[in-house]
Each structure stands twice: as C-alpha cells, then as structure tokens.
Amino acid sequence: MTESRRPVLLFVVNAAWFFRMHRMPLAVAACQAGFDVHVATAPDTMEDVRIIEQAGITWHMVTLRRGRVNVIEEWRLTRELLTLFRRLRPAIVHQVTIKPVMCGTLAARVARIPCIVNAISGLGFIFIARGWFASLRRWGVLAIYRLLFARRGIRVIFENSDDKNLFLMRSIVRPGQDVLIRGAGVDLERFRFRAHDNVVPRVLLPARMLWDKGVREFCEAAAILRAQGVAAQFILLGGLDAGNPSSIAADWLEAQQRAGHVEWWGHRNDMAEIYARTDVVCLPSYREGLPTVLLEAAACGCALVTTDVPGCHEVVRDGETGLLVPVRDSVALADALKQLIEAPVLRAALAERARNVVAVEFSASRVHDDTLALYREMLKQEGVI
C-alpha cells in the first residue's frame, strides 16, 4: 500500500485499557502494513491514551459506559460513531465487545462503510448470568446481532469454536461470514520460558476480580488445601473492575486475605516476571473468549488448571497441556491443584507440552498475519484496493 492510498482502519473498543492490553499490538502491525490506524474508546485513564498515541495510533474519545444497559446512552453512542465514521471515512472498522459491535455496526451500515469486522471476544456475562431477565437480555442481544450482521461486507471473528458454532447454528451469521482467529496472540519474545526454583509452589489466579472468573472457587479451593496441610502459596493477581456487573468488592477480597487462605496482590504490569516465578496458573472461569493469561503463562512454563468451558478448553487439552475441572466446583479444583502441587514431574511435563502448543498455534505474529490477511481480502472484495 502506498503512502498516498493508505486505507483508514478504525478500531472501536469499549475502553482504552482494554485496547492497549489486547489489540494494540495488532494495531501497530497494521500501521507497519500500511494502514492509517485510528481507535475510538472511552478514555478511562489518559495514561492509556498517551501510550496508544505514542505507538502512532490516532485516538478518538467516545462516550461509552460499560456494565449497564441504557437505550438513550446507546443511541448517543451510535450517533457519536456515525459522526466519526462520516468524518474519517474508514475503509474498515474493527469493533470489539458487545456495545461497540452493536452500536458501531448500525452506525457503519448507515455511513456505508465498505468493510465491517466484528470481534466476538467471548459471550461472557450475557451467557453466564442466570434468571429470566438474563435470558431475555441474551435473546435480545442475539436477535440484534442477527439483524445487524445481515449484510455483505461484514465478517465476524470468533476466538473459540464453541461461540462460532453457536452463531452458525442459530443463523446469527451465515457460512462464510465466520472467521476463527484464536485470541490476541502471545508475544513470545516477552513471555518466554525461565526455569522455576520455588521451594514452596506458587499458585496464581491472574484476572480481573470478577465472580465469573472463578475467584470464589479459587479461594474455597485454597481453604480446602490449607486445611489438608498442602504447602503452597495461593495468590489472586488482578485489579477491581467496578464497571463490570460481576465485580467483586474490595472488602470481600481483603477478608479472604485476612483469613489466610490467599494473598491479593492487586493489579500488576510485570506479568512476564511474575509468570517466570510461578509454578501453576489457575483460571476457574465460567466462560471465556480465549484467555490470554493462560497462553502467556504457558509460554513462560507454568502448568495450567482451568475449567472445561468455552474458551478455556480451546487452550487446555485435559491431561496433555494442563488439567480441566468442572465449572463452579471448588472440590474438583482443589483436587487438581493438589495433584500438580505435589507432582513436580507431572507439572513440568504438562507445562512443556503447553509451551510448545502456544509457540506453534497461538503466537501474536500468527494472529496478526491472519487478521491482516482478512483485511486485505475484504478490501479487495469490496473494491477498495
């Protein structure tokens, strides 16, 4: 692509921190491939915005609130995006998470944007929540998706096979619209293996402090193993997320720490260093898109324990690259953790196989190449290049 004909690629993402953590490497790769890259997000912190802009990406602020449904707010967001789309005239919009996908797709269709890429980064709270209202909201979200995706020039990226098959089975997407690109990929230069030398095994749950990440089950499993006299250090690593309906209060986490079952370290940015000093990484999540933390931990040589749910079992093959346990089952989780804590040879064997799979199937370079190839294919089909 020549400088005079650089197509505009606009990402629409719920929050600046989410884009920086999960999509910025792809955006940088797109810049290097000849795209003029922009991103529209809610600001969160200006530090995130500064990092984004330093990477050569143009940032645009939109008014987007997570964790609540408000028709007036969603309509305002759609109008903001429509104004932005008409001003920038992007060749491609790439939207991630529910509100950007819904409001952005409607705005992009009205603005006649030729290429629309929607990333379904897991169905998360929509499919996890229980009760009649949750069922109604789930039905509504899927019905809106079906209506919005019924147009040429739209591709839907799925991070796992379960979500892709569900959307095809329910005719929310048509065959040919669906694209499987598993996650954001792992930077294998940053997350690399180093030998572990902990005398007391370290067991880590790295995630935002949300109920649906299995934080309660992890704490209960730690309490069970403490009562059995199992020697290990159990750590919760992650910050609060007040904008998420599944957010855990700080006082509950502090109470768990005072009880002596776990340590809560809060949010950290030095994840590669922490994984390098961790023996077992545990993610007892209720549902995922594709959990980057498991991939990064595997690349660093950690053994993995996770739940047998969409997203997680896309990464871990039970007994081969880690251990799978039933969801919401603290006793089964404690048994699996105990097995790895007390069997360092098994732990090392699972970790080595997981590391090899990540290097072959989940590298960031592979994800970037697949996504850029999708962009080019769509641009050619729509006659943009």
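How each quantity is defined
- Residues numbered from 1 in each chain as written.
- Predicted model: local features only at pLDDT ≥ 70, side-chain atom pairs only at ≥ 80, totals over all residues.
- Heavy atoms only, no water.
- Helix = DSSP H or I, 4+ residues; strand = E, 2+ residues; numbered from the N terminus.
- Rg over C-alpha atoms; globule rule 2.2 N^0.38 Å.
- Buried < 20%, exposed > 50% of the residue type's maximum accessible area, 1.4 Å probe, protein only.
- Contact = heavy atoms within 4.5 Å.
- Areas by Shrake-Rupley, 256 points an atom, 1.4 Å probe, with all protein chains shown as cover.
- Lys, Arg positive; Asp, Glu negative; His and termini not counted.
- Charge placed at Lys NZ, Arg CZ, Asp CG, Glu CD.
- Phe/Tyr/Trp six-rings, centres within 6.5 Å; stacked < 30°, edge-to-face > 60°.
- Core = buried A, V, L, I, M, F, W, Y, C linked by side-chain atoms within 4.5 Å.
- Pairing = 2+ DSSP bridges.
- Axes fitted to C-alpha atoms, helices over the stretch in contact; angles between N-to-C directions.
- Right-handed = clockwise from strand over helix to strand, strands pointing away.

Visitor: Any chance you could explain the overall build of the protein chain here in plain terms?
Guide: In terms of regular secondary structure, the protein chain is built from 16 helices and 13 strands. Relative to the globule expectation of 21 Å for 385 residues, the C-alpha radius of gyration of the protein chain, 21 Å, shows essentially globular dimensions. Judged by the C-alpha coordinates and their principal axes, the protein chain covers about 65 × 45 × 40 Å. By residue count, 56% of the 385 residues in the protein chain fall in the buried class. Excluding contacts between residues fewer than 6 apart, the proportion of contacts in the protein chain whose partners are at least 24 apart in sequence is 71%. Here the protein chain displays about 16500 Å² of accessible surface, and carbon together with sulfur accounts for 53% of that area. Side-chain charges of the protein chain comprise 48 positive and 41 negative groups, with the mean position of each set lying 7 Å from the other.

Visitor: Please clarify how the packing of aromatic side chains should be interpreted in this entry.
Guide: Applying the stated rule across the entire model yields 9 aromatic pairs. Ring plane angle 15 degrees and centroid distance 5.2 Å describe the contact between Y145 and F149, whose orientation is recorded as stacked. Judged by relative accessible area, Y145 falls into the buried class, the value being 2%. Its relative accessible area of 0% is what places F149 among the buried residues. On the numbers, 5.8 Å between centres and 40 degrees between planes, the contact of Y145 with F167 is tilted.

Visitor: Would you explain the environment of D318 in this entry?
Guide: With respect to the element layout, D318 can be found in the loop between α13 (312-315) and β13 (323-325). C-alpha of D318 to C-alpha of I92: the two residues are 226 residues apart in sequence and 39 Å apart in space. Setting aside chain neighbours within four positions, we find D318 in contact with L323 and L324.

Visitor: Is there a simple way to think about the nonpolar core in this case?
Guide: Most often, soluble globular proteins keep nonpolar side chains buried together rather than apart. Core analysis: the largest hydrophobic core is formed by 61 residues, its most contacted members being V203, F234, L236, Y275, V305 and L337. Discounting residues that sit within four places of it in the chain, L337 has contacts with V203, A221, L225, F234, V280, C282 and V305.

Visitor: Please explain the sheet that holds strand β4 (residues 92-96) as it appears in this structure.
Guide: By definition, the strands of a sheet pair up through backbone hydrogen bonds, in either a parallel or an antiparallel sense. What the 7 strands build is an open sheet, ordered β3-β2-β1-β4-β5-β6-β7; its pairing is parallel. The outermost strands of the open sheet, each flanked by one partner alone, are β3 (58-61) and β7 (178-180). Mean inter-strand twist for the sheet, computed between neighbouring axes without regard to direction, equals 20 degrees. By the bridge criterion, 4 bridges tie strand β1 (residues 8-15) to β4 in an arrangement that is parallel. Bridging across to β4, V12 finds its partner in Q95. Against the sheet, helix α5 (residues 98-110) touches β1, β4, β5 (115-120) and β6 (154-158), its axis set at about 160 degrees to β4.

Visitor: I tried to follow the environment of D187 on my own but got confused; where do I start?
Guide: Mapping D187 onto the fold places it in the loop between β7 and β8 (202-206). Taking the C-alpha atoms as reference, D187 lies 9.5 Å from A359; in sequence the two are 172 residues apart.

Visitor: Help me understand the pairing of β8, please; the structure alone is not making it clear to me.
Guide: The side chains of a regular strand alternate between the sheet's two faces. A large share of β8 lies buried, amounting to 5 of its 5 residues. Every second residue of β8 is oriented toward a common face, with R202, L204 and P206 on one face and V203 and L205 on the other, all of them buried. Relative to strand β9 (residues 233-237), β8 is paired through 5 bridges, and the arrangement is parallel. Paired with L205 across the bridge in β9 is L236. The parallel pair β8 and β9, bridged by helix α9 (residues 215-227), forms a crossover whose chirality is right-handed. Judged from the 2 bridges that link them, β8 and strand β11 (residues 280-283) form a sheet pairing that is parallel. Bridge pairing links V203 to V280 in β11.

Visitor: What is the right way to look at the sheet that holds β8 in this model?
Guide: Taken in spatial order, the 6 strands make up an open sheet running β10-β9-β8-β11-β12-β13, and their pairing is parallel. Edge positions in the open sheet fall to β10 (263-266) and β13, since each of these has one partner strand only. Between one strand axis and the next, the sheet turns by 25 degrees as a mean value, whatever way the strands run. Here strand β12 (residues 303-307) runs beside β13; their pairing, made up of 3 bridges, is parallel.

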